[in-house]
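This is what each chain is made of:
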Amino acid sequence: MEYRKEYEITTETYDVPFPNNYAVPFHIFERGEGCYLFDKNDKKFLDFGSGIAVNALGYGREDLASVAFKQMKKLIHVSNLYTTEPSLELGFKLISSGNFDAVHFGNSGSEANEAAIKYARLYSKRIKGDGKYKILAFTNAFHGRTLGALSCTPTEKYQEPFGPLLPGVEFSDFNDVEALEKVLSPDFAAVIVEPVQGEGGLDVMTEEFATRLNSLCRELDIILIADEIQTGIARTGFPYASAVVGLEPDIITLSKPLAGGLPLSATLIPKKINKLVKAGEHGTTFGGGPVTCAVANKVLDIIFTPSFLADVQSKGDYLAKGLEKLSEKHAAAGKVKGLGLLRGIEIGKPDEEGMKLCGEIIKKAMDNGLLLLRSGKNILRIAPPLVITESEIDKGLEIISNILEEV
Ligand code: PMP
């Protein structure tokens, strides 16, 4: 086959073979080391985004590469008709991380949430009978782009072109206890919620809201799903952010950092659901393969240790203090948001102007060698590799401070 070869590989390109839903130009990166990415010209970028909260252990890890290499030589794939030791080991590790009976492996955050929704509906149908399939999600939530997960993600731009979506999904205001009490009924199969709204503005769940969610779901026999795709595996300094905010979920969904940058997701389910599931009712070809699971075992061995977790907590506090200083110093900077090493700072107001300014700051930061993310309309989001140092945090904050001085 003849391939098109005339494209030019420089450091930035508009000419891409990807759908128009991705914004051009693309910056082309070549390699990574620690908390830095390098492009073709060897320009160095401090990474405050980790590939959207994925690369928790940073780049260029010999230890992860060596685990993957060895496992690839031994065995790459067997499907879920069979299993392998790395998958069993990871499964047991994950179910021991809480009160879980089984793990459904998948390949992405959306897929983990699809599985959670399906297991919750299966439970509701078999325990409460037909018709109790509603799902409650919240304003500013993000649960993914596949049709089920998208149905629970109330952003007009993401949903509008693809309707009709899943029937029976309703939305209530995040952290509004009164609204929650009004809307929930035994007709709901599940509530899906993020302990910290990663994409939608970095609001943290209040203790009061978590407590009421726990009790209402228990009372009405509704499956409580914590979407910890972004917050799970120590992003907030604790294995799961649910524990930090006081949420007691039946199901936890995980993905982003789980396999150190390789695609893997996990939907952790309790015994009361698993005992109702029959062979063949849900499945996946690639999910939980030996390579991704072997790397994930290594990732968890590193991250789920008291010293690593304590270090993330202290760096999270350090980052928050640094952001508070920026907020005091610069008129354009407002409230500091988030938890642990998932933090943000408001830029202007949540309107068109704030959004534009936030975009400009992200662009200028990139020109100055710093990669940043956005959350909601106008929140600068910072989710660095968990192995970032205090001096790297200082360096990034200084770049942001200099930009805020100019805008
Ligand atoms: N849930 C949350 C909380 C997320 O942050 C994301 C991704 N940003 C997803 C689900 C979807 O994950 P994926 O893009 O891997 O499907």
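Residues numbered from 1 in each chain as written. Predicted model: local features only at pLDDT ≥ 70, side-chain atom pairs only at ≥ 80, totals over all residues. Heavy atoms only, no water.

A few points about the state of the cysteines
Summed over all chains, the structure comprises zero disulfides. No disulfide involves Cys 152; its nearest neighbouring cysteine sulfur is the one of Cys 217, lying 14 Å away. (Disulfide = S-S within 2.5 Å.)

Thoughts on the domain arrangement of the chain
For the chain, the assigned domains read domain 1 (12-61 + 306-406) and domain 2 (75-303). For domain 1 versus domain 2, the separation of C-alpha centres amounts to 26 Å. Taken together, the contacts link 27 residues of domain 1 with 27 residues of domain 2. When domain 1 packs against domain 2, close to 2200 Å² is buried across both sides, 64% of that on carbon and sulfur atoms. The largest contributions to the domain 1 side of the interface with domain 2 come from Leu 309, Leu 339 and Leu 342, which together make up 25% of the buried area. Where Asp 203 meets Lys 337, a salt bridge forms, and the shortest distance between an N and an O atom there is 2.7 Å. Our count for the contact surface shared by domain 1 and domain 2 stands at 13 residue pairs in polar contact (both at pLDDT 80 or more). When residues of the side of domain 1 that touches domain 2 are traced back to their parent elements, those giving at least two are helix H1 (50-53), helix H12 (306-329), strand S13 (333-339), strand S14 (342-347) and strand S17 (379-382). The element best represented in the side of domain 1 that touches domain 2 is H12, accounting for four residues. (Domains from an automatic or database assignment. Contact = heavy atoms within 4.5 Å. Buried area = accessible area lost by both parts, 1.4 Å probe. Salt bridge = Lys/Arg side-chain N within 4 Å of Asp/Glu carboxyl O. Polar contact = N/O pair within 3.5 Å; in protein donor to acceptor, adjacent residues only side chain to side chain. Helix = DSSP H or I, 4+ residues; strand = E, 2+ residues; numbered from the N terminus.)

Side note on the site of the ligand
Near the ligand you find 13 residues, and of these Gly 109, Ser 110, Asp 227, Gln 230 and Lys 256 are the closest. Separating an oxygen atom of the ligand from a side-chain N or O atom of Ser 110 is a distance of 2.6 Å. Backbone polar atom of Phe 142 to a nitrogen atom of the ligand: 3.3 Å apart, as the coordinates give it. Looking at the shell around the ligand, the element that brings in the most residues is helix H4 (residues 109-128), giving three residues. Along the lines of polarity and charge, the residues of the shell around the ligand split into two nonpolar, seven polar and four charged. (Near = heavy atom within 4 Å. Nonpolar A, V, L, I, M, F, W, Y, C, P; charged D, E, K, R; others polar.)

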